[in-house]
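# Remarks on the overall topology
Each chain is listed here by its residues.
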Amino acid sequence: MEVESLLKELLGEHFIRVSEFSLYFLRKIQDKGDMRDIFNYLLDLGVKPYRIAVQVKLLGLKLNRIKIIYNYLRSLGFSKKQIASQPHVLGYKLTAVQRDYDYLRNLGFKKEDIQKQIRLIGYKLETIMNHFNFLLNLGISKEKIIKSTNLLSRNPETIQRNYIRLLDLGVRKEKIYRYPSLLARNPLTIQRNFDYLISIGIHKEGVLSHFQLLGFRPKIIKEHYNNLRKLGIKDEKIASQARLLTINPEKIENNYYHLIGLGIKKEKINKNANLLSWTPETIQSNYKRLLDLGISKERLNTYAHLLAMSPKTIQRNLDNLISLGINKERVSRAAGLLAMNPETIQEHHAHLRNMGISKERIASQASLLGRNPDTLSRNFEYLINKVGLDESRLKNHPQMLMENPDAFAKKMRILKLETLGLRRGSIFDIDEYSRFYIPSPASLMAKKKYCINHKIYLGEKLSLLLRSWSYLIRRVNNTLNDEEANREGKRIYTPFKQKYDKWMTEYKKWANEFFKRRGRRLIKKV
């Protein structure tokens, strides 16, 4: 009873963890004077009382022997915390610890790899060899086994069950070989993580593409998910960028605020959430490279996805555009083309040439290369055959092909009825007003009203409406400088623009619905 009394005093509530076999071992020890000293020594090392209770046989050893093993493990690079988490290793003989460590080193394990798995120390050599060979036979490379040292301490039967379970979930063998550490995880944890990832909108294919997530603690995945949502990343983007859940929230936040610092707006970061998986150093390098190409900071915000592209890819795409006669200045104004496949660009270029648009015009309106060729062809036919544009004029102003055709036809209708004041059935030669193709009707209407209010004679062709605000306003008040006059013009124009944009948005929806129902454009002629 002497041993039991002492252990109850030392371990308190944890005494119930002491096995009968350990008690039998301790009762046989003649000299029990070291037990209290060893207990206090283990506490000083950071070993929890419940761990001592499980490994209570340590109290039956010589204190000096335990100290020798501890100092040797520390000399191998194991931390105090690691040893405290696996106190059973302190009970092995020095020769056994040296033997196991040397064997692992001879297998190719680095010191750092062994230090991550202190539990391997003290295993029987035969056990380690059997586990190692089993993993090799399973198809896992020696390099991956070395990186996943915890596999060697797992029962082969458990690993085999986990392997089959992962295959049942749809994980390819190649993926398992790439992330073999999952084979050591609890199957219940894997299934729970799988179900959770599916529940937050990640498709099964997305989970399987980043299936290392299945080995995370469920709590960690939820923390990563909530952190992304806190940054404004929408569920759909998290679902499509499951890799973000594998990255530490601190790194994600660091990347996020670095992008904000570069002038990338929150909305653009959400739209291009994959940027958060890139390091600030990579983003900074790409950012500088794009600035060097002449792309402004404002355009980089618009085309933020370019920051996630390889500089080599961007250079290849740039060279392709230059070969088509598009200089760097033009590319910088149509920066989105740098993200497109050169083969696609070449196909679009050939299509535009077949439509009769010259190389020079394509180069001057490079954004055309980013548009769907079929859509451009439909717009081309509609503007010529229905709206009545002259074909040669359209080829000289191909930027009109990028407008919504219904919206353009409506713009011409507004020009005819509102600005020119013509009747609906009256003759209207659209080609006479080619200079009015580009300006917004809101601008024309605002200027017309200003001219009428201030008794400025417009003339038959309304050419004054194409003049700048500073010119028109200074005709009324020549004390204002250009900047002041333009500011006043913007103030006058803004309510017209807001009203027009709102109206046109609704009109486009209506026109698209009409096209789906009737298979033709809403306006058949201007």
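What this report covers is the structure whose coordinates are included nearby. (Residues numbered from 1 in each chain as written. Predicted model: local features only at pLDDT ≥ 70, side-chain atom pairs only at ≥ 80, totals over all residues. Heavy atoms only, no water.)

Moving on: the pattern of salt bridges. Scanning all chains against the criterion turns up twelve salt bridges. Asp235 serves as the salt-bridge partner of Arg229, at 3.1 Å between the closest nitrogen and oxygen. Since its relative accessible area comes to 28%, Asp235 is described here as partly exposed. A salt bridge links Lys395 to Glu391, with the nearest nitrogen and oxygen atoms 2.9 Å apart. Separated by four residues within a single helix, Lys395 and Glu391 lie in helix H26 (residues 391-396), roughly one turn from each other. (Salt bridge = Lys/Arg side-chain N within 4 Å of Asp/Glu carboxyl O. Buried < 20%, exposed > 50% of the residue type's maximum accessible area, 1.4 Å probe, protein only. Helix = DSSP H or I, 4+ residues; strand = E, 2+ residues; numbered from the N terminus.)

A few words now on the packing of helix H3 (residues 34-45) against helix H5 (residues 63-75). Packing of H3 against H5 brings their axes to within 10 Å, and their N-to-C directions diverge by 20°. In terms of orientation, H3 and H5 fall into the roughly parallel class. Along its contact with H3, which presents Asp34, Asp37, Ile38, Tyr41 and Leu45, the element H5 presents Leu63, Ile66, Lys67 and Tyr70. Partitioning the contact of H3 with H5 into residue classes produces six nonpolar, no polar and three charged. (Axes fitted to C-alpha atoms, helices over the stretch in contact; angles between N-to-C directions. Parallel < 35°, antiparallel > 145°, perpendicular 65-115°, else oblique. Contact = heavy atoms within 4.5 Å. Nonpolar A, V, L, I, M, F, W, Y, C, P; charged D, E, K, R; others polar.)

Here the focus is the nonpolar core. Core analysis: the biggest nonpolar cluster contains 171 residues, and Leu7, Leu90, Leu214 and Leu338 have the highest contact counts within it. Element by element, the count of residues in this core is highest for helix H30 (residues 482-518), at eight residues. In this structure, Leu7 is in contact with Gly12, Phe15, Val18, Leu23, Leu26, Met35, Val56 and Leu59, ignoring residues within four places of it in sequence. (Core = buried A, V, L, I, M, F, W, Y, C linked by side-chain atoms within 4.5 Å.)

A word on the packing of aromatic side chains. All told, the structure shown has seven aromatic pairs when counted by the stated rule. With 6.4 Å between their ring centres and 85° between their planes, Tyr41 and Tyr70 make a pair best called edge-to-face. Within this pair, whereas Tyr41 is found in helix H3, its partner Tyr70 is found in helix H5, the two being separated by 29 residues in sequence. Exposure class is identical for Tyr41 and Tyr70. Each is buried. Ring centres 5.9 Å apart and planes at 85° place the aromatic pair Tyr507 and Trp510 in the edge-to-face group. Of this pair, Tyr507 and Trp510 are both found in helix H30, three residues apart, which corresponds to roughly one turn of the helix. For Tyr507, a relative accessible area of 4% gives the class buried. (Phe/Tyr/Trp six-rings, centres within 6.5 Å; stacked < 30°, edge-to-face > 60°.)

Mapping Arg517 onto the fold places it in helix H30. In this structure Arg517 comes out as exposed when scored by relative accessible area, which is 58%. With 418 residues separating them along the chain, Arg517 and Arg99 place their C-alpha atoms 81 Å apart.

Moving on, we come to helix H9 (residues 125-138). Helical periodicity: at 3.6 residues per turn, an α-helix aligns residues three or four positions apart in one direction. Between its terminal C-alpha atoms H9 stretches 20 Å, which fits the 20 Å expected from 14 residues at 1.5 Å a residue. Burial in H9 covers these residues: Ile128, His131, Phe132, Leu135 and Leu138. For H9, the buried positions fall inside an angular range of 125° around the axis, keeping them on one side. Those residues of H9 that are exposed and aimed more than 90 degrees away from the buried face are Glu126 and Asn137. Looking at the packing, one finds that the buried side of H9 touches helix H7 (94-107), helix H10 (142-147), helix H11 (156-169) and helix H12 (173-178). The first or second residue beyond H9 is Gly139, which carries a positive phi of 110°. (Expected span 1.5 Å × (residues − 1). Arc of directions from axis to C-beta.)

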